[in-house]
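Next come the chains, spelled out residue by residue.
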Amino acid sequence: MNPNKALWEKGDFTEIAAFMRQSGEAIAKSLSVTPQLRILDLGCGDGTTALPLARLGAEVVGIDIARNLVEAGNKRAEAAGLARLKFQEGDACDLEGVRDHSFDVTVSMFGAMFAPKPFDVAKEMVRVTKPGGSIVMGNWIPGDPTFVSQLLKISMSFMPPPPEGFTSPVAWGVEGNVIERFAQAGVSSDKISMVKETYQFDWPDKTPIDFIHLFEKFYGPTMNAVEAAQKNDRMDDLHAQLAQLANAHNKAIGGGTLIPASFLRVTVRV
């Protein structure tokens, strides 16, 4: 069983996803979407990117390993009247039942990076994308000084040592790793481009501490850190470090929360 299935199903990622809506809309607009395109959103959550893509006219399939997120996505699609948007369960490491060359574009924003077998993920994304199509990923960057990468670093420091063979999700944020993984999937480096972009968490009505409470309660990696910290009587230490992080990164003036988070945007021509 993919361990990340339990990680995401035990939280309510829809609460975090509400603050990523603008990023999904920005990504969708950058893809020159037309009604002729069939797009896969892999590790889609409840539709942060999939809904904007569908609103622009594309046929979109969202696949996620967490059943609660798939159910939430289908409810959002129905409420929005988006008949060409469907969500289904699936494992990014093994897209069983998805035919070869099914999609013009495969997108994964901070989703497939958490799957435990990155080489299989790259192979599957290439397999289901049509020749001449493209793959677009957004991946958090290890060691990056901005918020999410540092939050993940702090969270991992409170966790037990990872099992043998564990590959950090943020390894997808290293250019050399991206090239190696897609090379094994048959894609040459000249077909891969990467650029660092920055997303802004914008929450004008709440404080950075409110923001941290949200991550502690609903974001899978941080929830695991909370569980481990509680077992070791270190919860106050964890919360203090996360609160200090959020306050230090908050750029809002006169109240509220405005926190930048940089990521690696990867584009692969298949």
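So, how was this worked out
- Residues numbered from 1 in each chain as written.
- Predicted model: local features only at pLDDT ≥ 70, side-chain atom pairs only at ≥ 80, totals over all residues.
- Heavy atoms only, no water.
- Helix = DSSP H or I, 4+ residues; strand = E, 2+ residues; numbered from the N terminus.
- Rg over C-alpha atoms; globule rule 2.2 N^0.38 Å.
- Buried < 20%, exposed > 50% of the residue type's maximum accessible area, 1.4 Å probe, protein only.
- Contact = heavy atoms within 4.5 Å.
- Polar contact = N/O pair within 3.5 Å; in protein donor to acceptor, adjacent residues only side chain to side chain.
- Axes fitted to C-alpha atoms, helices over the stretch in contact; angles between N-to-C directions.
- Parallel < 35°, antiparallel > 145°, perpendicular 65-115°, else oblique.
- Left-handed = near helix turned anticlockwise from the far one by under 90°.
- Nonpolar A, V, L, I, M, F, W, Y, C, P; charged D, E, K, R; others polar.
- Core = buried A, V, L, I, M, F, W, Y, C linked by side-chain atoms within 4.5 Å.
- pLDDT = per-residue confidence, 0-100.

Caption draft 1: The arrangement of the overall build of the chain in detail. Looking only at helices and strands, one finds eleven helices and seven strands in the chain. At 18 Å, the chain has a C-alpha radius of gyration in line with the 18 Å of a compact globule built from 270 residues. Along the first, second and third principal axes, the C-alpha atoms of the chain reach 50 × 45 × 30 Å. Per-residue burial for the chain yields a buried fraction of 53% across its 270 residues. In the chain, 78% of the contacts between residues at least 6 apart in sequence involve partners at least 24 apart.

Caption draft 2: A look at the side chain of D64. Position of D64 among the secondary structure elements: in strand β2 (residues 59-64). There is a polar contact of 2.8 Å between the side chain of D64 and the backbone nitrogen of G45. In this structure the side chain of D64 is engaged in a polar contact, spanning 2.9 Å, whose partner is the backbone nitrogen of A66.

Caption draft 3: Here's a closer look at the packing of helix α6 (residues 118-128) against helix α8 (residues 175-184). It is the contact of α6 with α8, at a shortest axis distance of 8 Å, that shows an interaxial angle of 60°. Relative to α8, the element α6 lies oblique. Here the hand of the crossing between α6 and α8 comes out right-handed. Facing α6, whose interface residues are P118, F119, A122, M125 and V126, α8 presents E180, R181, F182 and Q184. Residues that form the contact of α6 with α8 fall into these classes: six nonpolar, one polar and two charged.

Caption draft 4: Region of the structure containing the nonpolar core. Core analysis: the biggest nonpolar cluster contains 78 residues, and W140, F147 and F182 have the highest contact counts within it. At six residues, strand β7 (residues 257-269) tops the list of elements feeding residues into this core. Ignoring sequence-local partners within four residues, the contact set of F147 consists of F201, F211, I212, F215, L245, A246, H249, I259, P260 and A261.

Caption draft 5: How the structure looks around the confidence of the model for the chain. Per-residue pLDDT for the chain has a mean of 91; in total, 92% of the residues score no lower than 70. Here residues 5-11 is a poorly scored stretch, pLDDT under 50, and it has 24 contacts once near neighbours within four places are set aside; other chains count.

Caption draft 6: Fine view of the environment of G81. Looking at where G81 falls in the secondary structure, it is placed in the loop between α5 (67-80) and β3 (85-89). Of the residues examined, G81 reaches a relative accessible area of 59% and is grouped as exposed.

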